[in-house]
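Each chain, written out:
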Amino acid sequence: MGYDLKLKIWRGDSSGGQLVDYTVPVDEGEVVLDAVHHVQAMRSGDLSCRWNCKAGKCGSCSAEINGRPRLMCMTRLSDFDPAEPITITPMRAFPVIKDLVTDVGFNYVKAAEVPAFTPTAEQPQAPFRMAQVDVERSQEFRKCIECFLCQDTCHVVRDHEENKPAFSGPRFFIRYAELDMHPNDALDRKKLVQEERGLGMCNITKCCTEVCPEHIKITDNGIIPMKERVVDVKYDPIRFFRRKPKAETR
Amino acid sequence: MSDTERHQYDVIVVGAGGAGLRAAIAAHDAGARTAVICKSLLGKAHTVMAEGGIAAAMGNLWPEDNWKVHFRDTMRGGKLLNHWRMAELHAKEAPERVWELEQWGALFDRTADGLISQRDFGGHRYARLAHVGDRTGLEMIRTLQQRTVALGIDVFMECTITHLLKDGGAMSGAFGYWRETGRFIVFEAPSVVLATGGIGKSWKVTSNSWEYTGDGHALALRAGAGLINMEFVQFHPTGMVWPPSVRGILVTESVRGDGGVLKNSDGERFMFNYIPEFFKAETADTIEEADRWYEDKKNNRRPPELLPRDEVARAINSEIKAGRGSPHGGVFLDIASRRTPEYIQKRLPSMYHQFKELAQVDITKDPMEIGPTCHYVMGGVEVDPDSAQSTVPGLFAAGEVAGGMHGANRLGGNSLGDLLVFGKRAGEHAATYASGLAARPAVDEAELERASEENLAPFDNEDGENPYTVHQELQQVMQNLVGIIRNEEELSSAIKEIDSLRHRIANLTVEGHRQYNPGWNLAIDLRNMLLVSEAVAKAAFERKESRGGHTRDDFPMTDYAYWGKRNLICELSSTGEVGTREQSLPEPPPELAELLEEGH
Ligand SMILES: Cc1cc2nc3c(=O)[nH]c(=O)nc-3n(C[C@H](O)[C@H](O)[C@H](O)COP(=O)(O)OP(=O)(O)OC[C@H]3O[C@@H](n4cnc5c(N)ncnc54)[C@H](O)[C@@H]3O)c2cc1C
Ligand code: SF4
Ligand code: SF4
Ligand code: FES
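Scoring rules and cut-offs
- Residues numbered from 1 in each chain as written.
- Chains lettered and ligands numbered in written order.
- Predicted model: local features only at pLDDT ≥ 70, side-chain atom pairs only at ≥ 80, totals over all residues.
- Domains from an automatic or database assignment.
- Contact = placed C-beta atoms within 7 Å.
- Pairing = 2+ DSSP bridges.
- Helix = DSSP H or I, 4+ residues; strand = E, 2+ residues; numbered from the N terminus.
- Core = buried A, V, L, I, M, F, W, Y, C linked by C-beta atoms within 7 Å.
- Buried ≥ 20, exposed ≤ 12 C-beta atoms within 10 Å, placed from the backbone.
- Nonpolar A, V, L, I, M, F, W, Y, C, P; charged D, E, K, R; others polar.
- Near = placed C-beta within 6 Å.

Moving on, we come to the domain arrangement of chain B. Residues and elements named next belong to chain B. Segmentation of chain B into domains returns domain 1 (237-372) and domain 2 (446-584). Between the C-alpha centres of domain 1 and domain 2 the distance comes to 32 Å. Contact residues are listed per partner, giving five residues for domain 1 and five residues for domain 2.

Moving on, we get to the sheet that holds strand β4 (residues 54-55) of chain B. Residues and elements named next belong to chain B. Taken in spatial order, the three strands line up as β4-β6-β5 in an open sheet, and their pairing is antiparallel. Looking along the sheet, the strands with just one partner apiece sit at the ends: β4 and β5 (118-119). As paired elements, β5 and strand β6 (residues 129-130) share two bridges and run antiparallel to each other. What sits directly across from Q118, in β6, is A130.

A general feature of soluble globular proteins is that nonpolar side chains tend to end up buried together. Residue and element names in this part refer to chain B. The biggest cluster of nonpolar side chains holds 251 residues, and the ones touching the most others in it are V11, I12, V192, V193, L194, A397 and A398. In terms of residue count, helix α15 (residues 518-542) provides more of this core than any other element does, 15 residues in total. Sequence-distant contacts of A397, defined by excluding residues within four places in its chain, comprise L194, G216, A220, G380, V381, V383, A388, S390, A402 and A426.

This paragraph deals with the domain arrangement of chain A. Residues and elements named next belong to chain A. Taken domain by domain, chain A holds domain 1 (3-101) and domain 2 (105-241). Its C-alpha centre places domain 1 at a distance of 31 Å from the equivalent point of domain 2. Domain 1 puts 12 residues into the contact, and the matching count from domain 2 is 13 residues. The class makeup of the residues in the side of domain 1 that touches domain 2 is seven nonpolar, three polar and two charged.

Let us now look at the site of ligand 3. All names here are of chain A. Around ligand 3, 17 residues are found, and the nearest of them are C144, C147, C150, R171 and C212. Looking at the shell around ligand 3, the elements with two or more residues in it are α4 (149-153) and α6 (170-181). Broken down by element, the shell around ligand 3 gets its largest block of residues, three residues, from α6. In the shell around ligand 3, the residues fall into 13 nonpolar, one polar and three charged.

Structure representation (structure tokens):
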């Protein structure tokens, strides 16, 4: 069942680089990350890549496999034709540090800009009472493993460095959505996310949803409802003075 | 060393898992200038992988539950070798720490009354684990990470600490390198909190990642602190076994907590044949009683599948050895025939995906194949229970790197609680210690020179060995000779093998440059792995009995009279070898001792 796999891996750093060919023996059931580890152990000990859990839980091993943003640990070799080489390149939207490792600092900056969870005056102190149905929508977004594949794929920043300062990206749109839908959060971040965090720049192409390894419906459940809420807020000034609605329209 | 990057803090926390982040928040809240340092990106520490939940006796589903029951379960699960005071503090404080996460934005699954829901786990008398599906660790680390960022605490990501620095007998800081550039960095700080997690990457079949090289354990040993209970390594009963590349990846205990059962190749629920005397009174002995327990815990006893992990792992091992294993050398874990597909997908979504995507098994239709995997180290830095300070002034430890809390075996869910309770304590006490000093300790420049030379040595060797090869050999040695079942002969050959590997790592060669070079990083980590492996093997050699996560087939009985009253402490000798010393186990006060009796 084992065979010799041909790989083309991008090697280089911020000053440039190229695809390098490797051939390594692989076994049944292996994933792309296993093949990269074989290269490290047998061919090139200084090949850089990130990984931790090897089970799709930590979001470290993001890369582009045959041009598609994916987790290396969740991409099975059996999905590919054994006769064809597999090409692995670093995420394109972020500056390369070395080989498959990119500088994802952009995302940590955007994370730090999010105004933190702030409990309501009704329930200022945990333990909170919150119904399961009311937490579920936010829970979907909290499944995010911060692999940043959606950020990598979003055309607003993928080849447009100039858009980065004003655009938080899909991962953070669902972070704002999560807080907005939290049944016990008091802050209103809708205007902020629309006007300063770039929600308005998203034109709902849904590419982010397609690459999300957690199958979070980023656009349908996060971005689109947020856009609708923003519209509500904009045209209904009375709502500014009300507390955030608890029961949401579906 | 004058051109090396330097920083001054009151408290530095090495590690950004649950324990490290909680410690940093506490130190910051106490007014200390605080930094967190971690090998991976923020949010990627092992804590992110925890699945099942956080054990805390909140009593949301079972009002009968309280800290006393949790204390008792923890001590009995640890085969009474726990430090009673740590188990007491943990049981008392875990609920507050969980509510604090909610206060900071965590969204746990809810009960019908809108409170935090709690789930069943092995060794816990009541449903006690606060959880979010089977991704509790993600919720916990994200919440703590978001809090850390909101408070503006400095985080040094992808930065590895290789040496602790001392001034006289006390801490003065730490030395390490940036993984991105390979450049060195010095932290000057009177308080250092170790929160580096575990050691499992020294075994071949493991649920642990590349980060688990025992750095904190080794740093503490070299700084002069003692490690306690190092012979106790937890092999989780349920790791994946097939395909080979995922062997060892964890299958959460929640599968059993939520109704899954273990079967052998004859289709028998074999755990009924392995109920030990110690747990007879509290374990169901018929299938009917076991199945009733999920709904009615008052009138029925717990199913044997939910015995503590050491018992279940040994039982699985025996079934496989007796030839009743599954096709790929495990046994079957079956929830498909016991719960509806909707229930399984709702409660265990990440297990569902893990099996579907990595093994092409649909767990709502077919049983899983599982076997034991190296998972957790009970042993760690010996600390004062209340302050989390080691015997070295200014050196604190919390989380998996600390020892004592779990005794000979950890109950599931008790680690996440441990991180929060002792992380907070360590951070607070580290801040207090730093602010109480009359003068700041100084960093010794000669020590920095030595540290930098040691770290760069692998670049100077021409035709040395490949660090990956040595690592694989170490994993093989630990797997074969210091595994679930041990004996004197194998342990003594392990000690010899480790010694010879130690000589070999003096002669490693690495390719390339210092920038983001995993080969070089591994060469440095290997020193820690070997030192910690030596401690495990030597402590395991000394403890001539079987208890919890330490089973000797040459001493199969638990020895209550002698070993039941002793911990082993590992320390570093002046020649750089690990030595062991017996230390008497602290006895609980009568009112707590009483809780441990049968029938409570
Ligand atoms: C798959 C899996 C599932 C689990 N499920 C559960 C569960 O349901 N319930 C439960 O209670 N427990 C569970 N556990 C155990 C629990 O998750 C861990 O014991 C716990 O998360 C360890 O936390 P920690 O804060 O001590 O360390 P970690 O979260 O591992 O963090 C260690 C940190 O130290 C850093 N570090 C290490 N060495 C260095 C160095 N030299 N320099 C700088 N930084 C360093 C790392 O980068 C990392 O940030 C599980 C474990 C695994 C592997
Ligand atoms: S839907 Fe919006 S956020 Fe998502 S990829 Fe398209 S433009 Fe980007
Ligand atoms: S939303 Fe999905 S794709 Fe984006 S970072 Fe989170 S897990 Fe990754
Ligand atoms: S290694 Fe964790 S997601 Fe791939």
